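Here is how the chains run, residue by residue.
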Amino acid sequence: MSDETHLRRAIELSLVNADSADGGPFGAVVVRDGVVVGEGFNRVTVDHDPTAHAEVVAIRDACRRLSTHDLAGAVIYTSCEPCPMCLTAILWARIDRMVYANTRADAAAIGFDDAWFYEQVALPIDGRALPARRLLGEEARAVFQRWADNPLKNPY
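These figures come from a predicted structure and were not determined experimentally.

Trainee: Honestly, the sheet that holds strand 3 (residues 74-80) in this entry has me stumped. Any pointers?
Mentor: Strand pairing in a sheet relies on backbone hydrogen bonds, with the paired strands running either antiparallel or parallel. Taken in spatial order, the 4 strands of this open sheet run 2-1-3-4, and their pairing is mixed. Edge positions in the sheet fall to strand 2 (35-41) and strand 4 (97-102), since each of these pairs with one other strand and no more. Within the sheet, the average angular offset between the axes of one strand and its neighbour, ignoring direction, is 15°. Judged from the 6 bridges that link them, strand 1 (residues 27-32) and strand 2 form a sheet pairing that is antiparallel. If you follow Gly 27 over to strand 2, its bridge partner there is Phe 41. Where helix 1 (residues 3-18) meets the sheet, it contacts strand 1, strand 2, strand 3 and strand 4, and its direction lies at approximately 145° from that of strand 1.

Trainee: Before we go on, may I ask you to explain the pairing of strand 4 in this structure?
Mentor: When strand 3 meets strand 4, the two strands line up parallel, connected through 5 bridges. Among the inter-strand pairings, Thr 78 is bridged to a residue of strand 4, identified as Tyr 100. Viewed along the sheet, the connection from strand 3 through helix 4 (residues 84-92) into strand 4 turns out right-handed.

Thresholds applied
Residues numbered from 1 in each chain as written. Predicted model: local features only at pLDDT ≥ 70, side-chain atom pairs only at ≥ 80, totals over all residues. Heavy atoms only, no water. Pairing = 2+ DSSP bridges. Helix = DSSP H or I, 4+ residues; strand = E, 2+ residues; numbered from the N terminus. Axes fitted to C-alpha atoms, helices over the stretch in contact; angles between N-to-C directions. Contact = heavy atoms within 4.5 Å. Right-handed = clockwise from strand over helix to strand, strands pointing away.

Dropping the structure here:
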């Protein structure tokens, strides 16, 4: 199947919410070795989960189906250029390639403007709108060291 075929499936999934009040009009498909291994559409409002964007839902679906957290070798097809959270999830999943349809400017034009989030991520932690305070660094580093020293750890 071609990139266009898989991207059309992502667009079909985005239609799930286009005529309903169940979430934003976004869909995503994860494909590995030519086989669809994960699908998702936006479930933010129906699941009361701000992280349930189409790409994250599709990644979770693929990881469950494949029993892995590593989607190396996969391609994600998404009906819209991902927000910063979804882009980061795609990178963490080690997905090899992304194909998208709508741009973030297209999303902004219908009320899904991610520009502020992109700006916040680029700022140093003390320059962001979200106040942050660091505490208990020594205690937390001790846990990190225990993990680093654990011969049974499953690194990722």
